[in-house]
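Fold and geometry: a report
Listed below, chain by chain, are the residues.
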Amino acid sequence: MTLVAAQIVNGLAIGMLYAVMALGLSIIKGLLNVPNFAHGALFAVGAYVCYTLSTIGAPFAVALLGAFAASAIVGLLIERLGIANLAGSSYLLQVLFLFGTALVIEQSLVLIYGTTGVSLVPPALLSGAANLGFMFLPRYLMFCALVGALAIVAVWLLIEKTKIGSRIRAGIERREMVQCLGIDIGMLLTLGFALGAGMAGLAGGIALPLLGANATSGNDMMAIAFVVLVLGGLGSLYGAVVAGILIGVAQSLATLVAPAASTLLIYVIMTAVLLVGSKGLFGER
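The text that follows walks through the structure, step by step, so that each part is easy to find.

Procedures and definitions
- Residues numbered from 1 in each chain as written.
- Predicted model: local features only at pLDDT ≥ 70, side-chain atom pairs only at ≥ 80, totals over all residues.
- Heavy atoms only, no water.
- Salt bridge = Lys/Arg side-chain N within 4 Å of Asp/Glu carboxyl O.
- Buried < 20%, exposed > 50% of the residue type's maximum accessible area, 1.4 Å probe, protein only.
- Phe/Tyr/Trp six-rings, centres within 6.5 Å; stacked < 30°, edge-to-face > 60°.
- Helix = DSSP H or I, 4+ residues; strand = E, 2+ residues; numbered from the N terminus.
- Axes fitted to C-alpha atoms, helices over the stretch in contact; angles between N-to-C directions.
- Left-handed = near helix turned anticlockwise from the far one by under 90°.
- Contact = heavy atoms within 4.5 Å.
- Nonpolar A, V, L, I, M, F, W, Y, C, P; charged D, E, K, R; others polar.
- Disulfide = S-S within 2.5 Å.
- Expected span 1.5 Å × (residues − 1).

**Digging into the pattern of salt bridges**
- Tallied over the entire structure, the rule returns 1 salt bridge.
- Measuring nitrogen to oxygen at the nearest pair gives 3.3 Å for the salt bridge that ties Arg80 to Glu79.
- Overall, the relative accessible area of 38% leaves Arg80 in the partly exposed class.
- According to the relative accessible area criterion, Glu79 is buried, its value standing at 2%.

Here it is, written out as structure tokens:
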């Protein structure tokens, strides 16, 4: 039981990272109704920016903010220069554009940083482990869970308590009605895309000391984010949060039985959800 409890705690921490990544993807998917295949590349951008800022002496908190900001800016450019110009085009063309953009970003990272990959040691304050009585939990995992929770709360406050947030919610649920009310849907899409991209960058910065980074390191995380998105429901922002935590805990518990199959489990879960019903846990569409 102690071992199970320890794995649940670990899973909650990892699940918060999945939730941050998937929440950004859910915002973009909800607004544009197009899966952002550049989300993994934006994750890698965040990781590399966090690495760069940390190596030049910036505090880790500043490096994480830089990771969010850099990916948000790249996301803004992607939407303004690409997606906005393809708004009247076919769904497939937009998907191909995002896929091609991901490849451009990945190869740009290779040109700048090389193919070796980078890693980062957590700050001294976040090193070591805390004694919880029944287990020793790495302090950095606790930090991941805390930052993830704060980021999710910040997005919740933005979406639920501000005017721009109400417009984002309306744009996700009733895009045509938003246009009829005279709201600038173009600016709304740009801001939403930038916010979602920034969440991917923040996840990349958080994950850097845990997983390291290379130009394609965001691909695996993006795949998990899509699983979380399907499980939570395509019409639900906060379903992505719940599903991210559930996936993290399920994957962590699976390592007790079959460590090699822990990643396979999450894709099995996604397939089962799609077979039972495409709405997921909380989705409406």
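**Quick notes on the packing of aromatic side chains**
- Counted according to the given criterion, the structure contains 5 aromatic pairs.
- On the numbers, 5.9 Å between centres and 45 degrees between planes, the contact of Phe60 with Phe143 is tilted. Taken as a pair, Phe60 in helix 3 (residues 60-83) and Phe143 in helix 5 (residues 139-161) lie far apart in primary sequence, 83 residues in all. Note on accessibility: Phe60 and Phe143 belong to one class, buried.
- One aromatic cluster is present, built from ring pairs that chain together Phe60, Tyr140 and Phe143.

**Remarks on the packing of helix 1 (residues 2-32) against helix 5**
- Following both chains from N to C, one finds helix 1 and helix 5 inclined at 35 degrees, their axes separated by 8 Å at the closest point. Once helix 1 is placed against helix 5, the crossing between them reads as left-handed. Residue-level inspection shows Asn10, Ala13, Ile14, Met16, Ala19, Val20, Leu23 and Ile27 of helix 1 in contact with helix 5, the latter providing Leu141, Ala145, Gly148, Ala149, Ile152, Val155 and Ile159.
- For the contact of helix 1 with helix 5, the residue count by class is 13 nonpolar, 2 polar and no charged.

**Digging into the state of the cysteines**
- In this structure the tally under the stated criterion is 0 disulfides.
- The thiol of Cys50 is unpaired, and the distance to the nearest cysteine sulfur, on Cys144, comes to 11 Å.
- Take Cys50: its relative accessible area is 0%, and that puts it in the buried class.

**Structural notes on helix 2 (residues 39-55)**
- The end-to-end C-alpha distance of helix 2 is 25 Å, a good match for the 24 Å that 17 residues give at a rise of 1.5 Å each.
- Across the 17 residues of helix 2, 12 count as buried, placing the element largely inside the fold.
- In this structure, the buried residues of helix 2 make contact with helix 1, helix 3, helix 4 (91-113), helix 8 (185-211) and helix 9 (218-232).
- Just downstream of helix 2, Gly57 is the residue with a positive phi angle, here 100 degrees.

**Things to note about the side chain of Asn36**
- Relative to the assigned elements, Asn36 resides in the loop between helix 1 and helix 2.
- Excluding its chain neighbours within four sequence positions, the residues that come into contact with Asn36 are Leu25, Ile28, Leu42, Leu98, Phe193, Met222 and Phe226.

**Quick look at the environment of Gly212**
- Considering the arrangement of structural elements, one finds Gly212 in the loop between helix 8 and helix 9.
- For the pair Gly212 and Tyr48, spaced 164 residues apart in sequence, the C-alpha separation works out to 9.5 Å.
- In this structure Gly212 touches Val118, Ser119 and Ala207, once residues within four positions along its chain are discounted.

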